[in-house]
Amino acid sequence: MPINQDSLPKSLLYVGSSTLEHQIICGKALVKKLKENGLMANDRVLDLGCGSGRVAAPLTDYLTGSYEGFDIHKEAIEWCSSSITKEYKNFKFIHSDVYNAVYNKKGVLSASTYVLPYKDNEFDYCFAFSLFTHLLPEDTRNYLCEIRRVIKVGGLCLASFFVSCKNEDFDKNCESKYHYSYDYLINLFTLSGFFVEKFIKGCWDQPSENKEYYQDCFVIRAR
Ligand SMILES: C[S@@+](CC[C@H](N)C(=O)[O-])C[C@H]1O[C@@H](n2cnc3c(N)ncnc32)[C@H](O)[C@@H]1O
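Keep in mind that what you see is a predicted model, and the values were worked out from it rather than measured.

Chemist: Run through the overall build of the protein chain, naming residues and quoting values.
Modeler: For the protein chain, the helix and strand inventory stands at five helices and eight strands. Starting at the N terminus and walking to the C terminus, you meet the elements of the protein chain as α-β-α-β-α-β-β-α-β-β-α-β-β. Radius of gyration (C-alpha) of the protein chain: 16 Å, near the 17 Å computed for a compact globule of 223 residues. For the protein chain, the spread of C-alpha atoms along the principal axes amounts to about 45 × 35 × 35 Å. Burial analysis of the protein chain (223 residues in total) assigns 40% to the buried set. When contacts within the protein chain are restricted to residue pairs at least 6 apart in sequence, long-range pairs at least 24 apart make up 66% of them.

So, in structure tokens, the structure goes:
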């Protein structure tokens, strides 16, 4: 039985899904994308910036391994713990008090130096949907190095970005909709200890009906 998300407050539908119905459709599409890109049912999985469980909720139907989600939004984590962990003990959620100009203005920790609360080589698969689009470059660099620390050699990470060649789209003061060039990201992945398996173009900069695959995604593998 899928998790019932009816009790999700409207204030937690902040992920580009203005209605619960849309959040559910997108969540299922993202789980499909993870499965198409190497996620195995018995994996140990990390969801960075898990929000209000858009992906975790439908993932409960597939994952027999274990799931860890973390986010800086306290209410979102409280909802996930009380609604998802309550029914699926292999799904756990952690709140981290990291500062973000949009999501956690009172946060005390810096994303550029934050150490993920997980052990080295713990995960088979990591993913981050619509997280790096809200982080500054130094935060992104640190998070990629941290993912590399907690993922096993050969493990996969699927992460979404806005990949743009228009440098003027960069806004250094805006922790929302942050864009990077393709070459910048390839270099960053290499420096963090990954190689690129696949680039999946999203539809954010093209007219498209298929808004479920909005952002661009990279599938990267730990060296
Ligand atoms: C657009 S939402 C995406 C949520 C979720 N990944 C999804 O696809 O439904 C962005 C999320 O990133 C979280 N976030 C922002 N900065 C973060 C950070 N430094 N560490 C972890 N999560 C962060 C926000 O709290 C928010 O839940």
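Chemist: Give me the nonpolar core: which residues, what numbers.
Modeler: In this structure, Ala-56, Cys-80, Cys-126, Phe-127, Cys-157, Leu-158 and Ala-159 are the most contacted members of the largest nonpolar core, which totals 59 residues. Ranked by the residues each element gives to this core, the list is headed by strand E5 (residues 151-163), at seven residues. Not counting residues up to four positions away in its chain, the partners in contact with Ala-159 are Phe-127, Ala-128, Phe-132, Cys-217 and Phe-218.

Chemist: I'd like a rundown of the site of the ligand, residues and numbers included.
Modeler: What surrounds the ligand is a group of 20 residues, the closest being Gly-49, Gly-51, Arg-54, Tyr-103 and Phe-129. Partitioning the shell around the ligand into residue classes produces twelve nonpolar, six polar and two charged.

Chemist: Account for the packing of helix H4 (residues 137-150) against helix H5 (residues 182-192), naming residues and giving values.
Modeler: Viewed as axis vectors pointing N to C, H4 and H5 meet at an angle of 40 degrees, and their least axial separation amounts to 9 Å. Comparing the axis directions of H4 and H5 gives the class oblique. Pair H4 / H5 crosses with right-handed handedness. Facing H4, whose interface residues are Arg-141, Leu-144, Cys-145 and Arg-148, H5 presents Leu-188, Phe-189 and Ser-192. For the contact of H4 with H5, the residue count by class is four nonpolar, one polar and two charged.

Chemist: Provide a residue-level description of helix H1 (residues 20-36), including the pertinent values.
Modeler: With 17 residues, H1 extends 24 Å from end C-alpha to end C-alpha; this agrees with the ideal 24 Å at 1.5 Å per step. For H1, the set of buried residues is Gln-23, Cys-26, Gly-27, Leu-30, Val-31, Lys-33 and Leu-34. For H1, the angular spread of the buried residues around the axis is 155 degrees, confining them to a single face. Structural note: H1 exposes Glu-21 and Glu-36 on the side pointing more than 90 degrees away from its buried face. Looking at the buried side of H1, the elements it contacts are helix H2 (56-59), strand E4 (123-128) and E5. The first or second residue beyond H1 is Gly-38, which carries a positive phi of 95 degrees.

Chemist: Run through the environment of Gly-107, naming residues and quoting values.
Modeler: In this structure, Gly-107 sits in the loop between strand E3 (91-95) and E4. According to the C-beta neighbour criterion, Gly-107 is partly exposed, with 18 such atoms within 10 Å. With 63 residues separating them in the primary sequence, Gly-107 and Arg-44 have C-alpha atoms 28 Å apart.

Chemist: Could you give an account of the pairing of E3, with specific residues and numbers?
Modeler: Judged from the five bridges that link them, strand E2 (residues 66-71) and E3 form a sheet pairing that is parallel. Following the sheet pairing, Asp-71 is matched in E3 by His-95. Traced from E2 through helix H3 (residues 74-85) to E3, the parallel crossover comes out right-handed.

Definitions and cut-offs
Residues numbered from 1 in each chain as written. Predicted model: local features only at pLDDT ≥ 70, side-chain atom pairs only at ≥ 80, totals over all residues. Helix = DSSP H or I, 4+ residues; strand = E, 2+ residues; numbered from the N terminus. Rg over C-alpha atoms; globule rule 2.2 N^0.38 Å. Buried ≥ 20, exposed ≤ 12 C-beta atoms within 10 Å, placed from the backbone. Contact = placed C-beta atoms within 7 Å. Core = buried A, V, L, I, M, F, W, Y, C linked by C-beta atoms within 7 Å. Near = placed C-beta within 6 Å. Nonpolar A, V, L, I, M, F, W, Y, C, P; charged D, E, K, R; others polar. Axes fitted to C-alpha atoms, helices over the stretch in contact; angles between N-to-C directions. Parallel < 35°, antiparallel > 145°, perpendicular 65-115°, else oblique. Left-handed = near helix turned anticlockwise from the far one by under 90°. Expected span 1.5 Å × (residues − 1). Arc of directions from axis to C-beta. Pairing = 2+ DSSP bridges. Right-handed = clockwise from strand over helix to strand, strands pointing away.

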